[in-house]
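# Structural description and commentary
The residues making up each chain are set out below.
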Number of protein chains: 2
Amino acid sequence: MFFSKLDSLSNAIKLISDNQRVTDIEEISIHDAHRRVLAEDIIAFHDSPPFDKSAMDGFALIAEETFGASNSAPKEFRIVDAIGAGDFSSKTVKDNEAIVIATGAPIPDGANAVLMKEYTTIDGDDLTIYSQVTPGENISPKSEDIEKGQKILDRNTFIRYQELGLIASAGYDTVKVYKKPKVKLIITGNELVEPTKEEIDKAKIINSNQFTIKAMVEDSGAICEICHAGDTFDEVKDAVLEASKDYDVIMTTGGTAISKGDVVLDVVDDLGEILFHGVAIRPGKPAGAGIVNGKMVFTFSGQPVAAMSQFDMFARKYLFEMQGREFDFHIVKRISQLKIPSQLGRTDFIRAVSDDECAKHVLNRGSGIIRSMVEANSYIIIDENDEGYQKDDLVDVVLFDSLLW
Amino acid sequence: MFFSKLDSLSNAIKLISDNQRVTDIEEISIHDAHRRVLAEDIIAFHDSPPFDKSAMDGFALIAEETFGASNSAPKEFRIVDAIGAGDFSSKTVKDNEAIVIATGAPIPDGANAVLMKEYTTIDGDDLTIYSQVTPGENISPKSEDIEKGQKILDRNTFIRYQELGLIASAGYDTVKVYKKPKVKLIITGNELVEPTKEEIDKAKIINSNQFTIKAMVEDSGAICEICHAGDTFDEVKDAVLEASKDYDVIMTTGGTAISKGDVVLDVVDDLGEILFHGVAIRPGKPAGAGIVNGKMVFTFSGQPVAAMSQFDMFARKYLFEMQGREFDFHIVKRISQLKIPSQLGRTDFIRAVSDDECAKHVLNRGSGIIRSMVEANSYIIIDENDEGYQKDDLVDVVLFDSLLW
């Protein structure tokens, strides 16, 4: 890895952003649309509720007729009909008449309020009321939630459970969303073996990147498939070329082969274009990205922590925005509980434990120490223009939870 | 719905907590373990790294031999071997000897540092170095991440991507986790129809709860299947009884049938035991819970917003803790941008838009207004002992994102 000149983090991010692509649109069942991103505006097909609806079990009546009713001054009504949920009454409520009504049922003509059961007693068709209601009381008016023809959600809205309910209420049984990006993760490294409880051959190491990076891809709303390639130019080239046909994004880990420089970047250079290689960041300096066959290729380090941090710096935003969902680091301010040295001209992503007030960086920071990521719940980010912080300084923090899809 | 006496929220939560169950344990592939909860301690089968490992491409040599080397005072070494990743050398490095080494390869005997390629030139087997290294430099020492035999993760840890990588590195190809709870969601209501763009029959309403509640169950790490039941006692009874055999948790929405009180609670009372019915909360007062056939039954309102809030108050914690994962509301303090009235003795979950400093409640608060949940990203919680807040008061806020699995 010879980096004649390191790109700044902001420049590297801009190079990726300049090559941002968005996935195609697909129409899927509303049953499958949770946590997808809308690729169309939602225009309501119906009012919701579609009629003035009772919000309580009780009696539909004319509010003005109840005025003055109390425990000491009850009033008498006559029950003329009953409406269950899903039913309606063709009767019109007149003075001193009431219709039994269930929650969710349409208010009958003539009535303008619902008196709750609790405030009544019944004897056959005779209703005695002990409380008054105001006009509109216990009624959910027609279209109070959604008005037919109205735009209720914009394209590019992320569909949480509540948006899902709203889309259904608007009458959509299918919905247009952005396709999930298909990511091919190419793991390089002759030294890597699968997890095993048995003794491991000398010089071999268990491959953890396939697990962490795949899980991070899934945490970004995308689909990940894994393949393995040896450290030779030809093996990596075949894998990248093949992946560039069927996948939207390619990611690699490792790929530094002896005497050959960085095999993966050589392959990207051969098959397409390198956007950058080598960024003034810690951890993860050897980070690279390029374009092969129109597809973005992220080349991550073999070191597990470096690879995870590189993913967060470069790939997350790309995967989110491929699906039409905006992504930017949500920076919060915390008090640093320790002094943190850094270097001018380099951006540091320092694993840290943060609560609602303070942040404390994890001390063991080697880029191979997965436990440092396990102990952490956040990054302290030190800008390239800062030389670090003193204890009790306010620092920029990104919580891991804020990075998730 | 006659609530002779409303339970307090804290009492209702305690009644659920007293009946907390935990799912069985299953052993699954490490490939499927992302976002599951550990049901065993993880004890490392291996050191990681398993040997002193080169952290760079460069030359393994004896650090002391490099002392004093610089651009103006280069030193000469002889290259005696080369180690690619996955390989090892049987040679021992002696004074003024160097072995070419790839990132990830084991440091050969005799060597105690790696000098990066950047600071060298090569001519055949002759190596000229222009920089010095300290003992241990660019070496990831054996077991710096994981020590064989050490407990590296506790039972009940939530497996994020970084924990997944650590578990793999420790040698686990399978892992014991808590089973995902199977939830049966019974939607009651004769008035409900499926989403459709076509005109809807009079008195019918599109069923949105099946979408919102199912998605919330999934957002709690569990599996959800849906069935529909009419508003009669027998239909609901059949559905609850059937579900109690094959599912871990039962949830219902709606079920208030005319002249029959709350059918769902009548069924729970008939088949098992009611824990509570009616809670001093807003929204969601008619919330109930019970036990049928040993399984927890949550009875939610038919009103969409009430149902979602009830889920958050009662069901989320139960589903998390069924899977061995602790759950408590993560309360943050925000400045209220509006005055908020409330009632002593009632706990309010008020939909609000919060940023890092302020919270502003959503004005349209009807419990049928799904849009109020769509506009919101948080609840302002007003304790039963508070009568509300003035503008600029500090209020308790729970961000929706903090509720997710």
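By the naming in an unreviewed UniProt entry, chain A goes by Molybdopterin molybdenumtransferase and is assigned to Methanobrevibacter thaueri. As its UniProt record puts it under Pathway (unreviewed entry), chain A is described as follows: "Cofactor biosynthesis; molybdopterin biosynthesis."

### A look at the relation of the copies chain B and chain A
Mapping one chain copy onto the other needs a rotation about an axis and a shift along that axis. Here chain B sits on chain A after a turn of 180° about the axis and a move of 0.0 Å along it, with an RMSD of 0.0 Å. Viewed as a symmetry operation, the transformation between the two copies matches a two-fold axis. In terms of proximity to the rotation axis, the leading residue of chain B is Asp-401 of chain B, whose C-alpha is 4.2 Å off the axis.

### Quick notes on the interface of chain B and chain A
At the interface, 96 residues of chain B touch 95 residues of chain A. For the pair chain B and chain A, the summed buried area comes to about 7700 Å², and 60% of that belongs to carbon and sulfur atoms. Among the residues of chain B in contact with chain A, Tyr-161, Lys-197 and Arg-371 of chain B are the three that bury the most area, contributing 10% of the side total. Seen at the junction of chain B and chain A, the total is 26 residue pairs in polar contact (both at pLDDT 80 or more). Those elements that place two or more of their residues in the side of chain B that touches chain A are β5 (75-83), β6 (97-101), β11 (151-153), α3 (161-169), β15 (205-206), α4 (209-218), α7 (304-322) and α8 (370-375) of chain B. Ranked by residue count, the leading element in the side of chain B that touches chain A is α3 of chain B, at eight residues. Partitioned by chemical class, the residues of the side of chain B that touches chain A number 43 nonpolar, 27 polar and 26 charged.

### Notes on the sheet that holds strand β6 (residues 97-101) of chain A
All names here are of chain A. With mixed pairing, six strands are arranged side by side in an open sheet as β7-β4-β6-β5-β9-β8. Of all the strands in the sheet, the pair left with one neighbour each is β7 (113-116) and β8 (120-123). Between one strand axis and the next, the sheet turns by 40° as a mean value, whatever way the strands run. Pairing of strand β4 (residues 58-61) with β7 involves four bridges; the strand directions are antiparallel. Bridge pairing links Gly-58 to Met-116 in β7.

### Here we look at helix α5 (residues 233-246) of chain B
Residue and element names in this part refer to chain B. Between the first and last C-alpha of α5 there are 21 Å, a value that for 14 residues agrees with the 20 Å anticipated at 1.5 Å per step. The set of residues buried in α5 consists of Val-236, Ala-239, Val-240, Ala-243 and Ser-244. Seen end-on, α5 carries its buried residues on one side only, within an arc spanning 130°. For α5, the exposed residues lying more than 90 degrees away from the buried face are Asp-234, Asp-238 and Lys-245. Those residues of α5 that are buried lie in contact with β13 (182-188), β16 (223-229), β17 (249-253), α6 (263-271), β20 (288-292) and β21 (295-300).

### Considering a negative patch on the surface
Residues and elements named next belong to chain A. Judged by side-chain charge, Glu-76, Asp-123, Asp-125 and Asp-126 come together as a negatively charged surface patch. Residue placement: Asp-123 occurs in strand β8. Given a relative accessible area of 57%, Asp-123 falls into the exposed group.

### Overview of the pattern of salt bridges
Side chains that differ in charge, positive against negative, can pair when their charged atoms come close. The tally for this structure, following the rule as stated, stands at 38 salt bridges over all chains. With its nearest N and O atoms 3.3 Å apart, the salt bridge here joins Lys-197 of chain B to Asp-173 of chain A. You can see Lys-197 of chain B sitting in the loop between β14 (192-193) and β15 and its partner Asp-173 of chain A sitting in the loop between α3 (161-169) and β12 (174-178), one on each of two chains. The partly exposed category is assigned to Lys-197 of chain B, whose relative accessible area is 33%. Of the residues examined, Asp-173 of chain A reaches a relative accessible area of 36% and is grouped as partly exposed. Two residues, Glu-26 of chain B and Arg-36 of chain B, come together in a salt bridge whose shortest N-O distance is 2.6 Å.

### Some points on the packing of aromatic side chains
Under the defined criterion, the tally for this structure stands at 24 aromatic pairs over all chains. Ring centres of Phe-158 of chain A and Trp-405 of chain A lie 5.4 Å apart, and the angle between their planes is 85°; on these two criteria the pair is classed as edge-to-face. Residue Phe-158 of chain A is found in the loop between β11 (151-153) and α3, and its partner Trp-405 of chain A is found in the segment after β28 (394-399); the two are separated by 247 residues along the sequence. Comparing Phe-158 of chain A with Trp-405 of chain A, the two get one shared label, buried. Ring geometry for Phe-320 of chain B and Trp-405 of chain B: centres 4.8 Å apart, planes at 75°, overall edge-to-face.

### A short note on helix α4 (residues 209-218) of chain A
Counting along an α-helix, one turn takes 3.6 residues, and residues three or four places apart therefore face a common direction. Burial analysis of α4 of chain A places eight of its 10 residues in the buried class, the great majority of the element. Among all positions in α4 of chain A, only Asn-209, Gln-210, Phe-211, Thr-212, Ile-213, Ala-215, Met-216 and Val-217 of chain A are buried. The secondary structure elements touched by the buried residues of α4 of chain A are β13 (182-188), β16 (223-229), β17 (249-253), β21 (295-300) and α7 (304-322) of chain A together with α3 of chain B.

### As for the sheet that holds β17 of chain B
All names here are of chain B. Strands sit in the order β16-β13-β17-β21-β20-β18 across an open sheet of six strands; the sheet is mixed. Whereas interior strands pair on both sides, the edge strands pair on one side only; in this sheet they are β16 and β18 (273-277). Adjacent strand axes in the sheet meet at a mean angle of 20° when their direction is disregarded. Bridge count between β13 and β17: five bridges; the pairing is parallel. Of the residues in β17, the one forming a bridge with Ile-187 is Thr-253. This element, helix α1 (residues 9-18), spans β18, β20 and β21 of the sheet and lies at about 155° to β18.

### Focus: the pairing of strand β24 (residues 347-354) of chain A
Residues and elements named next belong to chain A. Burial within β24 is extensive, with seven of its eight residues counted as buried. Two strands pair when backbone bridges link them, and strand β19 (residues 281-282) and β24 are joined in this way by two bridges, in the parallel orientation. Looking across to β24, one finds that Ile-281 is bridged to Thr-347. As judged from the five bridges shared by β24 and strand β26 (residues 378-382), these two strands associate in the antiparallel manner.

### Some words on the packing of α3 of chain A against α4 of chain B
Between α3 of chain A and α4 of chain B, the least distance of the axes is 8 Å, while the angle of their chain directions is 160°. Classified by the angle their axes make, α3 of chain A and α4 of chain B are roughly antiparallel. For the crossing formed where α3 of chain A meets α4 of chain B, the hand is right-handed. Within the contact between the two elements, α3 of chain A uses Tyr-161, Gln-162, Leu-164, Gly-165 and Ala-168 of chain A and α4 of chain B uses Phe-211, Thr-212, Ala-215 and Met-216 of chain B. The residue inventory of the contact of α3 of chain A with α4 of chain B, partitioned by class, reads six nonpolar, three polar and no charged.

Definitions and limits used
- Residues numbered from 1 in each chain as written.
- Chains lettered and ligands numbered in written order.
- Predicted model: local features only at pLDDT ≥ 70, side-chain atom pairs only at ≥ 80, totals over all residues.
- Heavy atoms only, no water.
- UniProt positions renumbered as here; feature names shortened; annotations may be inferred.
- Least-squares fit on C-alpha atoms with pLDDT ≥ 70 in both.
- Contact = heavy atoms within 4.5 Å.
- Buried area = accessible area lost by both parts, 1.4 Å probe.
- Polar contact = N/O pair within 3.5 Å; in protein donor to acceptor, adjacent residues only side chain to side chain.
- Helix = DSSP H or I, 4+ residues; strand = E, 2+ residues; numbered from the N terminus.
- Nonpolar A, V, L, I, M, F, W, Y, C, P; charged D, E, K, R; others polar.
- Pairing = 2+ DSSP bridges.
- Axes fitted to C-alpha atoms, helices over the stretch in contact; angles between N-to-C directions.
- Expected span 1.5 Å × (residues − 1).
- Buried < 20%, exposed > 50% of the residue type's maximum accessible area, 1.4 Å probe, protein only.
- Arc of directions from axis to C-beta.
- Patch = residues over 30% accessible without salt bridge, like charges linked within 9 Å, V, L, I, M, F, W, Y side chains within 5 Å.
- Areas by Shrake-Rupley, 256 points an atom, 1.4 Å probe, with all protein chains shown as cover.
- Salt bridge = Lys/Arg side-chain N within 4 Å of Asp/Glu carboxyl O.
- Lys, Arg positive; Asp, Glu negative; His and termini not counted.
- Charge placed at Lys NZ, Arg CZ, Asp CG, Glu CD.
- Phe/Tyr/Trp six-rings, centres within 6.5 Å; stacked < 30°, edge-to-face > 60°.
- Parallel < 35°, antiparallel > 145°, perpendicular 65-115°, else oblique.
- Left-handed = near helix turned anticlockwise from the far one by under 90°.

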